[in-house]
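If you want the building blocks of each chain, they are given just below.
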Amino acid sequence: MVADNGDGMTSFPVPGTPVTVVLRSRDPAQWPGEVAAVRDGGVAVRIAGAMPAWDPNGTYVLVALDGSVRVSQPAAYIGHTERAVAFRSLGPWQPVDRRAHPRFAANYRAEVRSVLGNSRQDGRLVDISMGGMAVRVGSRPGGRQVQVRVWAGPFSSELLCMVVGAEEDENGVVLRLQYTDLLPAQRAFVRQVVEGLAGQGAAQAS
């Protein structure tokens, strides 16, 4: 995702970098996509799915993955076409403070279904936070969006997620996932799981 610009320096992001557009408001929302183009002082993002209605006065944040580090940048809406939306950068890319969403170790049953290829495989929850989770599966699914059903005690919920990273080892693949457009009931499920694990003292280091 990091390219050499020809003078020995690197630039970020490059076209194709997965990015999530986050609207900060009383009714927050987020949309997954990828970088379509990078220009001086701005970024064009190709949105996955239907193009939403953008707020010219809204407060937006772009969240992307630079190697293994999640970074964010404040941005202002400029305009959009049928496939991409343009933002003006309002500051540099900065590492996301993961302490805002503490992760908690978990070992719940999970099932991962690829939205693109419709493949389905069993997995185990590795950790979870209010911002995302990690799930171990046998192989990496196709595409960047997955549906993950998590069973926690007598409750379960299916959560739409974007794959923001994957780590392979001898036991399979650990998918690093970011939630996408959770409904109130789904957010309540995640909060219940996180608060339950927090009560068990299962917090991990950031």
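Our subject is the structure listed above.
Everything quoted here is computed from the prediction, not taken from an experiment.

Student: Give me the overall build of the protein: which residues, what numbers.
Tutor: Within the protein, the regular secondary structure consists of one helix and 16 strands. Within the protein, the fraction of its 206 residues that count as buried is 42%. Counting contacts in the protein only where the partners sit at least 6 residues apart, residues at least 24 apart contribute 52% of the total. As displayed, the protein has an accessible area near 11000 Å², and 50% of this comes from carbon and sulfur atoms.

Student: Tell me about the pattern of salt bridges, and please be specific about residues and values.
Tutor: For the structure shown, the criterion picks out seven salt bridges. Here arginine 144 ties to glutamate 34 by a salt bridge, and the two come within 3.2 Å at their closest N and O atoms. Highlighted residues: arginine 144 in the loop between strand S13 (132-137) and strand S14 (145-152) and glutamate 34 in strand S4 (residues 29-39), separated in sequence by 110 residues. Here arginine 144 falls in the partly exposed class, since its relative accessible area comes to 29%. Put simply, glutamate 167 and arginine 176 hold a salt bridge, and the shortest N to O gap is 3.4 Å. In this structure arginine 176 comes out as partly exposed when scored by relative accessible area, which is 24%. A single network of salt bridges, built from pairs that share partners, joins Arg103, Asp127, Glu167 and Arg176.

Student: Break down the nonpolar core for me, with residues and values.
Tutor: Ile128, Met133, Val135, Val148 and Leu177 are the most contacted members of the largest nonpolar core, which totals 26 residues. Of all elements in the fold, only strand S11 (109-114), strand S12 (120-128), S13, S14, strand S15 (155-169), strand S16 (172-179) and helix H1 (184-199) reach the threshold of two or more residues within this core. Looking at which element gives the most residues to this core, the answer is H1, with five residues. Excluding residues that lie within four positions of it along the chain, leucine 177 makes contacts with Gly131, Gly132, Met133, Val135, Val146, Val148, Cys161, Met162, Val163 and Val164. Judged by nonpolar contacts, the second largest core, of 19 residues, contains Phe12, Val19, Val21 and Val45.

Student: Report on the packing of aromatic side chains, specifying residues and quantitative values.
Tutor: For the coordinates displayed, the defined rule picks out five aromatic pairs. Aromatic side chains tryptophan 54 and phenylalanine 87 sit 5.8 Å apart centroid to centroid with 90 degrees between the ring planes, which places their arrangement in the edge-to-face category. One end of the pair, tryptophan 54, is in the loop between strand S5 (42-47) and strand S6 (59-66); the other, phenylalanine 87, is in strand S8 (residues 84-89), and 33 residues separate them in sequence. Each member of the pair tryptophan 54 and phenylalanine 87 is classed as buried. Feature note: the residues Trp31, Trp54, Tyr60, Tyr77 and Phe87 constitute an aromatic cluster, connected by ring pairs. Just above the ring of tryptophan 151 sits the side chain of arginine 109; from NZ or CZ to the centre is 3.8 Å.

Conventions and cut-offs
Residues numbered from 1 in each chain as written. Predicted model: local features only at pLDDT ≥ 70, side-chain atom pairs only at ≥ 80, totals over all residues. Heavy atoms only, no water. Helix = DSSP H or I, 4+ residues; strand = E, 2+ residues; numbered from the N terminus. Buried < 20%, exposed > 50% of the residue type's maximum accessible area, 1.4 Å probe, protein only. Contact = heavy atoms within 4.5 Å. Areas by Shrake-Rupley, 256 points an atom, 1.4 Å probe, with all protein chains shown as cover. Salt bridge = Lys/Arg side-chain N within 4 Å of Asp/Glu carboxyl O. Core = buried A, V, L, I, M, F, W, Y, C linked by side-chain atoms within 4.5 Å. Phe/Tyr/Trp six-rings, centres within 6.5 Å; stacked < 30°, edge-to-face > 60°. Lys NZ or Arg CZ within 6 Å of the ring centre and 35° of its normal.

Any functional reading would require information that these geometric values do not contain.
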